[in-house]
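# Geometric and topological summary
Chain residues, written in single-letter form:
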Amino acid sequence: MLSPVAEGVRVHQSEFCQTNTVVVDGDAGALLVDPGILDAELGDIAADLRASGTPVAAGFATHPHWDHVLWHPAFGTAPRFATARAAGAIEAFLANAAWRERVAPMIPADIADRVPLTLFGELTGLPDGAEWVPWDGPRVRVVEHRAHATGHAALLLEEGGVLVAGDLLSDVLVPLVDHSADDPIEDYLAALTLIESIADGVRVVVPGHGSVTGADGLHERIELDRAYLRALRAGEHPADDPRLGPDAVYDWVAGVHERQAGLLARR
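I will try to describe carefully the structure that is included in this document. (Residues numbered from 1 in each chain as written. Predicted model: local features only at pLDDT ≥ 70, side-chain atom pairs only at ≥ 80, totals over all residues. Heavy atoms only, no water.)

### Observations regarding empty space enclosed by the protein
Condition: Cavities and pockets were defined on a 1 Å grid built over protein atoms only: a cavity is a set of grid points that admits a 1.4 Å probe from which the probe cannot escape, a pocket is an open set flanked by protein on both sides within 12 Å along at least five of seven lines, and lining residues are those with an atom within 4 Å of any such point. Grid points are joined across faces, edges and corners, and a volume is the space filled by probe spheres set on the points. For this scheme, ten residues count as nonpolar: Ala, Val, Leu, Ile, Met, Phe, Trp, Tyr, Cys and Pro. Four count as charged, namely Asp, Glu, Lys and Arg, and the remainder, Gly too, count as polar.
Tallied over the full model, the rule gives four cavities of 30 Å³ or more. Volume-wise, the largest cavity comes out at about 90 Å³. Around the largest cavity sit 15 residues that line it, and Asp-167, Leu-168, Ser-170, Leu-173 and Val-174 are the ones nearest its centre. When its residues are assigned to classes, the lining of the largest cavity shows eight nonpolar, five polar and two charged. A volume near 50 Å³ is recorded for the second largest cavity.

### A few points about the layout of surface pockets
Roughly 910 Å³ of internal volume is contained in the largest pocket. Lining the largest pocket we find 29 residues, and of these His-65, Trp-66, Asp-67, His-148 and Leu-176 sit closest to its centre. Of the residues contributing to the lining of the largest pocket, the split by class is 18 nonpolar, seven polar and four charged.

### Quick word on the nonpolar core
Condition: Side-chain atoms within 4.5 Å are what join buried Ala, Val, Leu, Ile, Met, Phe, Trp, Tyr and Cys residues into a set we call a nonpolar core. Relative accessible area decides the class of each residue, using a 1.4 Å probe on protein chains only: under 20% of the type maximum gives buried, over 50% gives exposed, and in between gives partly exposed. Think of it this way: any DSSP run of H or I at least four residues long counts as a helix, any run of E at least two long counts as a strand, and we number them from the N terminus. In this description, contact between two residues means that some pair of their heavy atoms is separated by no more than 4.5 Å.
Trp-66, Val-115, Phe-120, Leu-163, Leu-169, Ile-195 and Leu-218 are the most contacted members of the largest nonpolar core, which has 52 residues in total. Looking at this core, the elements with two or more residues in it are α2 (84-94), α3 (99-103), β9 (153-157), β10 (162-166), α4 (184-197), α5 (215-234) and α6 (253-266). Residue contributions to this core peak at six residues, all from α4. With residues near it in sequence (within four places) discarded, Ile-195 still touches Val-143, Ala-154, Leu-163, Leu-168, Leu-169, Leu-218 and Ile-222.

### Some thoughts on the pattern of salt bridges
Applied cut-off: Any carboxyl oxygen of Asp or Glu within 4 Å of a side-chain nitrogen of Lys or Arg constitutes a salt bridge here.
In total, this model carries 10 salt bridges according to the counting rule given. Note that Glu-186 is salt-bridged to Arg-233, the shortest N-O span being 2.3 Å. Linking Glu-186 in helix α4 with Arg-233 in helix α5, this pair joins segments that are 47 residues apart in sequence. Residues participating in the shared-partner salt-bridge network are Glu-196, Glu-223 and Arg-226.

Shown next, in the form of structure tokens:
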């Protein structure tokens, strides 16, 4: 289930939307980032960790969207962290007694009965502006920005040169902006500039969805995302974007793009 991508870092890719679960090995156990998606997949990840004698020491959700705040009882009761803003957003969502009814339309119907919601969104917010994940393992830097979702953060394992990007830098999904923000495209462009500023020393990039890449791929994906966002801002169709063309991995991404462009045009 878990494939090594760097020393002490393993990844499992879900059958749903190529979603990546990241496992970072530490002295007292593993840091589990964005575990997903299906109940059987989460159980298998837990079994792999158990077989290797690795308990889950901590969890981290890069942002408060449904597919990044899942958990499984077999992972245990380790603290699950997020930025203060992300944890606040999911706490407000869960405060509504009808939250299950609200989340149901977000999950594709063909997997709805296979997505575990028992421990959904039970996150602990880090102190506002926290720079590091508090756990007994390699130093993991929290790189918070305003792209895609409230309180989104990438994680940077500085010693190993691994960037866990969350829902940025995908080779299968176009940038999805936060439509609740005042200036969502500029927020996203600023996040890409922030990621670019910490790119020195990054050797492995794990996006939330899509394939793992290296240093060259990091810069290529930053430029691809910039080109998409600039075209979106100009009201133009992004030229030569492989995520939208006839050879795209997911043909429905074109429809997502059209809806996003329509929402931004109406602003």
